[in-house]
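Commentary on secondary and tertiary structure
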Amino acid sequence: MNFKTLGNKVKNARLFKGSKDHPFLAPRGIFVANNMLFVSDTARNRVFIWHKIPTTEFQEPDIILGQGEIDEISRNAGGETNESTLLYPSGIWSDGKKLVVADAWNHRVLIWHTIPTKNAQPADVVLGQPNFNENLPNGAIGNDPTSQTLNWPYGVFSDGKSLWIADTGNRRVLFFNEIPTENFAKADKVIGKSTFTSRDYENNDPIWPYSIKINEKGNLAIADTQFYRILIWNDKNDAFTKQADIIIGQENFDNAGQNQFRLSPESNTLNWTYDACFYNDGILVNDTGNSRLLGFHKIPTKNNENADFLIGRENFNTSSDFKGNLLGTKSAIYWPFSIYTVKDTLFIADTGNHRIVICDIKNILEL
């Protein structure tokens with residue numbers, strides 16, 4: 001990789017590709033807790049855990065979930081759905097004690113009460129399904145959603161007490177007052193719908209919510225992928241009863257243009273955005289379709305604000321495909337799906353290049 005393509009806001013960048021003999025394939029989820037690294041190796045239907053953040057390009061995982069061995073990659077481990085299998089895992093959350101994984105194509109979320117200590121360790125709790133052996137969306141094809149069902153849940157987030165699930169296929173976010181300890185638990189509240197059984201939507205709702213992030217101040221950000229925007233609530237509690245306070249990437253709730261229908265991206269446009277991450281007093285936006293991260297020193301106070309800085313491309317008008325990757329995409333990040341920060345370290349799931357980029361973030365107020 002040409003690390004200069006990341007720009008002048010990062011330094012000490014390095015690559016991590018997982019197991020040397022069985023490296024990542026399209027990793028979509030990344031999370032760090034208590035210096036442990038969690039990665040959803042999505043296309044190979046497994047989640048990796050490293051007890052310490054790796055410092056070399058390749059390192060064997062300490063724990064594999066979804067498969068029994070490092071060379072196994074089959075959907076649901078080549079058999080029927082059960083408490084140990086995964087199918088296209090995506091979002092991850094952990095506090096270093098509990099672990100929550102969005103098992104997206106099994107239409108469920110799995111919870112481990114303690115960090116797994118062995119490969120293919122069974123989950124303790126399943127949400128979205130009545131048991132560990134069923135995996136249909138909303139219980140059956142064609143069913144309306146309920147407070148207990150899920151349909152392509154791609155994102156999860158917790159503050160250590162409550163749980164939010166991006167129930168993407170049902171175009172909503174489910175909220176649980178406490179992280180459930182029983183299977184098939186009912187959600188307590190819903191974001192984006194007036195009832196639990198509705199799938200209809202208005203443009204001011206999250207249309208295709210993919211990830212959820214909340215900072216210590218209670219600001220809530222939802223990546224609304226299908227409308228090419230990030231929705232921000234100044235108070236997470238307002239999200240159950242009111243539309244978002246701020247939109248990043250569009251002028252208003254009715255606009256939904258890819259790069260706002262422009263020929264090339266600009267400092268205020270987005271293209272298939274799958275994630276965001278609060279950093280210091282601002283926010284980083286994962287502009288996946290443009291293969292870049294947009295940075296804001298402060299959380300915007302009005303719709304369609306211009307980003308203050310850029311990571312991943314040489315200027316705001318350069319998109320995923322440019323002269324530098326005519327012969328391959330590996331020189332720069334390509335279709336990154338997930339980002340996460342720990343203090344001043346940035347982790348990027350460089351999904352299109354099948355790798356993780358780890359780098360230090362310089363003071364973003366520097367010119």
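No experiment lies behind these values; they were computed from the predicted model shown.

1. What about the pattern of salt bridges?
- Summed over all chains, the structure comprises 13 salt bridges.
- Ionic pairing is found between Asp 167 and Arg 172, a salt bridge with its closest N-O pair at 2.7 Å.
- Through salt bridges that share partners, Lys 217, Asp 281 and Lys 298 make up one connected network.

2. Re the state of the cysteines
- Going through the model one piece at a time under the given rule, you end up with 0 disulfides.
- This cysteine, Cys 277, is not joined by any disulfide, and Cys 359 carries the nearest cysteine sulfur, 12 Å off.
- The buried category is assigned to Cys 277, whose relative accessible area is 4%.
- Judged by its relative accessible area of 1%, Cys 359 is buried.

3. Focus on the pairing of strand 23 (residues 345-350)
- Across the 6 residues of strand 23, 5 count as buried, placing the element largely inside the fold.
- Bridge count for strand 22 (residues 338-342) against strand 23 is 5 bridges, and the pairing is antiparallel. Bridge pairing in strand 23 places Ser 338 opposite Ala 349.
- Turn length for the strand 22-strand 23 hairpin, with the two strands adjacent in sequence and antiparallel, is 2 residues, and the turn residue Lys 343 shows positive phi of about 55°.

4. Structural notes on the nonpolar core
- Among the nonpolar cores identified, the biggest contains 68 residues, and Phe 38, Leu 99, Leu 127 and Ile 191 are the most heavily contacted of them.
- Apart from the residues within four sequence positions on either side, Ile 191 is in contact with Trp 164, Arg 172, Val 173, Pro 206, Leu 220, Ile 222, Trp 233, Ala 239 and Phe 240.

5. With respect to the side chain of Asn 304
- For Asn 304, the position within the fold is in the loop between strand 20 (292-296) and strand 21 (309-311).
- Within the local environment of Asn 304, its side chain forms a polar contact with the side chain of Gln 260, the two groups lying 2.7 Å apart.

6. Focus on unusual backbone geometry
- The phi angle at Tyr 228 is positive, at roughly 55°, despite the residue not being glycine.
- Backbone geometry at Lys 343 places phi at a positive 55°, although glycine is not the residue there.
- Position of Lys 343 among the secondary structure elements: in the loop between strand 22 and strand 23.

7. Some details on the sheet that holds strand 13 (residues 189-191)
- The 4 strands lie next to each other as 10-11-12-13, forming an open sheet whose pairing is antiparallel. With partners counted over all chains shown, the strands left at the sheet margins are strand 10 (153-158) and strand 13, one partner each. With strand direction ignored, the average angle separating the axes of adjacent strands in the sheet is 20°.
- Two strands pair when backbone bridges link them, and strand 10 and strand 11 (residues 163-167) are joined in this way by 5 bridges, in the antiparallel orientation. When the bridges of strand 11 are listed, Ser 158 appears paired with Leu 163.

8. Thoughts on the environment of Ser 211
- With respect to the helices and strands, the residue Ser 211 is situated in strand 14 (residues 209-214).
- Under the relative-accessibility criterion, Ser 211 is labelled buried at 10%.
- C-alpha separation for the pair Ser 211 and Asp 167, spaced 44 residues apart in sequence, amounts to 9.4 Å.
- Non-local contacts of Ser 211, meaning those with residues more than four positions away in its chain, are made with Gly 155, Ala 166, Ala 221, Ile 222, Ala 223, Tyr 274, Asp 275 and Ala 276.

9. Description of the sheet that holds strand 16 (residues 229-233)
- Strand order in this open sheet of 4 strands is 14-15-16-17, and the pairing throughout is antiparallel. Two strands lie at the open edges of the sheet, namely strand 14 and strand 17 (246-248), each paired on one side alone. In this sheet, neighbouring strand axes are inclined to one another by 20° on average, regardless of whether the strands run parallel or antiparallel.
- As paired strands, strand 14 and strand 15 (residues 220-224) are joined by 5 bridges and run antiparallel to one another. Paired with Pro 209 across the strands is Asp 224, a residue of strand 15.

Parameters at a glance
Residues numbered from 1 in each chain as written. Predicted model: local features only at pLDDT ≥ 70, side-chain atom pairs only at ≥ 80, totals over all residues. Heavy atoms only, no water. Salt bridge = Lys/Arg side-chain N within 4 Å of Asp/Glu carboxyl O. Disulfide = S-S within 2.5 Å. Buried < 20%, exposed > 50% of the residue type's maximum accessible area, 1.4 Å probe, protein only. Helix = DSSP H or I, 4+ residues; strand = E, 2+ residues; numbered from the N terminus. Pairing = 2+ DSSP bridges. Core = buried A, V, L, I, M, F, W, Y, C linked by side-chain atoms within 4.5 Å. Contact = heavy atoms within 4.5 Å. Polar contact = N/O pair within 3.5 Å; in protein donor to acceptor, adjacent residues only side chain to side chain. Axes fitted to C-alpha atoms, helices over the stretch in contact; angles between N-to-C directions.

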